[in-house]
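Report on the structure
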Amino acid sequence: MSVRENQRLQLQPLSIPSRLLLGPGPSNAHPAVLQAMNTPPVGHLDPTFFTVMDEIQSLLRYAWQTENPFTIAVSGTGTSAMEATIANVTEPGDVVLVGVIGYFGNRLVDMAERYGADVRIITKPWGQVFSLEELQTALKTHRPAILALVHAETSSGACQPLEGVGQLCREFDCLLLIDTVTSLGGVPIFLDEWDVDLAYSCSQKGLSCPPGASPLTISPRAWKKLQQRQTKVTNFYLDMTLLSKYWGSDRVYHHTAPINMYYALREALRLLSQEGIENSWQRHRQNAEYLWQQLQDLGLTLHVEREYRLPTLTTVRIPEGIDGKAIARQLLLEHGIEIGSGLGELAGKVWRIGLMGFNSRKENVDKLVTALKQVLSKSI
Ligand SMILES: Cc1ncc(COP(=O)(O)O)c(C=O)c1O
């Protein structure tokens, strides 16, 4: 056999331009997080690493304001933790009610269908949210085993209020599952006070970490449903009954943990704890309000009503006659700033601007607004 010399590439070492990531995510990682990630890996069964895992669990409980014993980080991006929630508590035939207020609600629908659930859907135009009364009516009509909602819908910029929803779910004997991918660290979340049973998130937004390790928490109530399953969890990699033996005191191998990702996540969560979760929420709010004012001063319109606007992700209507994608491209190539375009119902209609984690700073708003002013003035 001969080596295929024609496949051998002679490349320069990796070189990536510096970008200010003000889109829907990923957002820039904190320099200390990148430094922690650079620490040489130890083995995934090394006692030192178990300490890191334990610290991640405690720090996550603080970030989410929960006492849930089962609180871990899944190896993978937000979608893996999302799939873990559905895969573990859904059995074929379970009625799963999904409140769809944007793109990621539809992803939950797709996943629940793949796991054999009897999926029921309620929808709102992208940018709006459900009232408690609407959710109550839907629970009465569908009597689901699980209600799944996206707390922070990254595609629309809307924040679904959750106060009272968990209590309703208990009245209807149903589990409450929420997506906190664009809210953890940046938007107030009180998982236990809100009686949330399953929640997941990601590392690359409000936690100032690269993508790859995704928070997941399961309440004792939801854990009971998992233990009472008639069928095995159909996804081996995401089977939390197996993973609980690695994250818990047994320390049994399941898969090789992405060691350096967990170093990074531990540092990101440590920084959040050092700042204080309430201070972080307040910082996100202040900088978002500053951004909103600046954008409105430029004559731009924000898509979501102020009361339901996410401080982490702002949707801005693209003015009539402007090529939104061309503006975003110019911001990236001429100013090194990334913003997002619209998805689905909002494709071509909005830009999506993220101020998340380490990036939620006044100086970043100023940089973006100055650059946006320039590119818009050239295109009018
Ligand atoms: C609300 C929401 N849910 C889920 C996801 C999926 O996360 P990931 O892209 O990290 O897999 C995203 C990603 O942006 C999101 O914004």
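Residues numbered from 1 in each chain as written. Predicted model: local features only at pLDDT ≥ 70, side-chain atom pairs only at ≥ 80, totals over all residues. Heavy atoms only, no water.

For the chain, the helix and strand inventory stands at 12 helices and 14 strands. For 380 residues, the compact-globule estimate of 2.2 N^0.38 gives 21 Å, and the chain sits close to it at 21 Å. Taken along the three principal axes of its C-alpha coordinates, the chain extends 65 × 60 × 50 Å. For the chain, buried positions account for 55% of its 380 residues. Taking contacts inside the chain between residues at least 6 apart in sequence as the whole, the part at least 24 apart equals 73%. Within the structure as shown, the chain displays about 16,900 Å² of accessible surface, and the carbon and sulfur contribution to it stands at 51%. Taken as two groups, the 35 positive and 38 negative side-chain charges of the chain have centres that lie 5 Å from each other. (Helix = DSSP H or I, 4+ residues; strand = E, 2+ residues; numbered from the N terminus. Rg over C-alpha atoms; globule rule 2.2 N^0.38 Å. Buried < 20%, exposed > 50% of the residue type's maximum accessible area, 1.4 Å probe, protein only. Contact = heavy atoms within 4.5 Å. Areas by Shrake-Rupley, 256 points an atom, 1.4 Å probe, with all protein chains shown as cover. Lys, Arg positive; Asp, Glu negative; His and termini not counted. Charge placed at Lys NZ, Arg CZ, Asp CG, Glu CD.)

It is worth spelling out the domain arrangement of the chain at this point. Assigned domains of the chain: these are domain 1 (20-26 + 276-379) and domain 2 (31-273). Between the C-alpha centres of domain 1 and domain 2 there is a distance of 26 Å. Every contact between the two is made by 25 residues of domain 1 and, on the other side, 32 residues of domain 2. Between domain 1 and domain 2, a total of about 2,300 Å² is buried, with carbon and sulfur atoms accounting for 67% of that surface. Counting every contact that joins domain 1 to domain 2 gives 14 residue pairs in polar contact (both at pLDDT 80 or more). (Domains from an automatic or database assignment. Buried area = accessible area lost by both parts, 1.4 Å probe. Polar contact = N/O pair within 3.5 Å; in protein donor to acceptor, adjacent residues only side chain to side chain.)

Looking now at the site of the ligand. Looking at the ligand, the residues that line it are T77, G78, T79, F104, R107, A152, T154, D179, V181, T182, Q204 and K205. Between T79 and the ligand, the recorded distance is 2.5 Å, taken from a side-chain N or O atom to an oxygen atom. K205 has a polar side-chain atom sitting 2.6 Å from an oxygen atom of the ligand. Look at the ligand: alone it shows 380 Å² of surface, and the protein chains cover 87% of it. For the shell around the ligand, the secondary-structure elements that each account for two or more residues are α3 (78-89) and α4 (103-114). (Near = heavy atom within 4 Å.)

With 100% of its residues at a pLDDT of at least 70, the chain reaches an overall mean of 97. Put simply, helix α12 (residues 362-379) is where the chain has its lowest mean pLDDT, 96, and strand β5 (residues 146-150) is where it has its highest, 99. (pLDDT = per-residue confidence, 0-100.)

Bringing the packing of aromatic side chains into the picture now. Here the structure, examined in full by the defined rule, presents eight aromatic pairs. Plain terms: the ring middles of Y103 and F104 are 4.9 Å apart, the flat faces sit at 75 degrees to each other, and that makes the pair edge-to-face. Pairwise contacts between aromatic rings join F49, W247, Y262 and Y263 into one cluster. Taking the ring centre of W292 as reference, the NZ or CZ of R309 above it sits at 4.7 Å. (Phe/Tyr/Trp six-rings, centres within 6.5 Å; stacked < 30°, edge-to-face > 60°. Lys NZ or Arg CZ within 6 Å of the ring centre and 35° of its normal.)

It is worth spelling out the side chain of T312 at this point. Residue position: T312 is located in the loop between α10 (277-297) and β11 (313-317). Contact partners of T312, with chain neighbours within four places excluded, come to T182, G186, V187, H284, I353, G354, L355 and M356.

Here the focus is a negative patch on the surface. Negative charge collects at one region of the surface, where E67, E163, D192 and E193 lie side by side. When you line up the elements, E193 lands in the loop between β8 (175-179) and β9 (198-200). (Patch = residues over 30% accessible without salt bridge, like charges linked within 9 Å, V, L, I, M, F, W, Y side chains within 5 Å. Salt bridge = Lys/Arg side-chain N within 4 Å of Asp/Glu carboxyl O.)

Relative to the assigned elements, A87 resides in helix α3. Judged by its relative accessible area of 0%, A87 falls in the buried class. When the C-alpha atoms of A87 and Y103 are compared, they prove to be 20 Å apart, with 16 residues separating the residues in sequence. Non-local contacts of A87, meaning those with residues more than four positions away in its chain, are made with Y115, R229, V233 and N235.

Turning our attention to the sheet that holds β9. The seven strands lie next to each other as β2-β10-β9-β8-β5-β3-β4, forming an open sheet whose pairing is mixed. Two strands close off the open sheet at either side, each with one partner strand: β2 (70-75) and β4 (118-123). Each strand axis lies, on average, 20 degrees off the axis of its neighbour in the sheet, ignoring direction. In this structure, β9 lies alongside strand β10 (residues 213-218), joined through three bridges in antiparallel fashion. (Pairing = 2+ DSSP bridges. Axes fitted to C-alpha atoms, helices over the stretch in contact; angles between N-to-C directions.)

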